[in-house]
Structures are given as C-alpha cells and as structure tokens.
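Below, each chain spelled out in residue letters.
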Amino acid sequence: MTKIRTDYEFSGVPKGTTGTVIDTEMDDMGNITRYAIQWDLPRPKPLVDWFTADEFVDYLEVIE
C-alpha cells in the first residue's frame, strides 16, 4: 500500500496528515485516473477522499 502525506489543509484534513491509497480507478489504457485516500485521523469512522491523478500529484507527497 502506498502511504502519502498532504501538502495542504482541506476539508478538515490538516496539512501534513498522512494517509493510505486504498483504491484506484483506471481508464481503458490502464492509466490511474483517480485515487482513494484513507486519512490517518482519530475518528470513529475512517475519512476517505478521492483525488484525480492531477490532484494527487499537485497536493500529495508519496512517503512510502
């Protein structure tokens, strides 16, 4: 599993929060078009956000 960290604060997710890529969507050519990130936040129900491939590159940093 790919671990990431956000470079920005958004939607209740503080800057520097880590998360894990838990799912992806691909186009017909096999390119990843969307990523599902489950955030490492102290919540009773996990928070999952979807990012486009461009958003993933622009706003997140792969750490593992």
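Every value quoted in this text rests on a predicted model; they were computed, and no experiment measured them.

### Thoughts on the environment of Thr24
Here Thr24 shows up in strand 2 (residues 18-26). With residues near it in sequence (within four places) discarded, Thr24 still touches Ile32, Arg34, Tyr35 and Trp50.

### Describing the side chain of Thr6
Following the sequence through the fold, Thr6 ends up in strand 1 (residues 3-6). Of note is the side chain of Thr6, whose polar atom sits 2.6 Å from the backbone oxygen of Tyr8. Leave out the neighbours within four places in its chain, and Thr6 touches Val13, Pro14, Lys15, Gly16, Thr17, Trp39, Tyr59 and Leu60.

### Examining the pattern of salt bridges
As enumerated under the stated definition, the model contains three salt bridges in all. In this structure, the salt-bridge partner of Glu25 is Arg34, at a minimum N-O distance of 3.1 Å.

Cut-offs applied
- Residues numbered from 1 in each chain as written.
- Predicted model: local features only at pLDDT ≥ 70, side-chain atom pairs only at ≥ 80, totals over all residues.
- Heavy atoms only, no water.
- Helix = DSSP H or I, 4+ residues; strand = E, 2+ residues; numbered from the N terminus.
- Contact = heavy atoms within 4.5 Å.
- Polar contact = N/O pair within 3.5 Å; in protein donor to acceptor, adjacent residues only side chain to side chain.
- Salt bridge = Lys/Arg side-chain N within 4 Å of Asp/Glu carboxyl O.

That is the geometry; function is a separate question.
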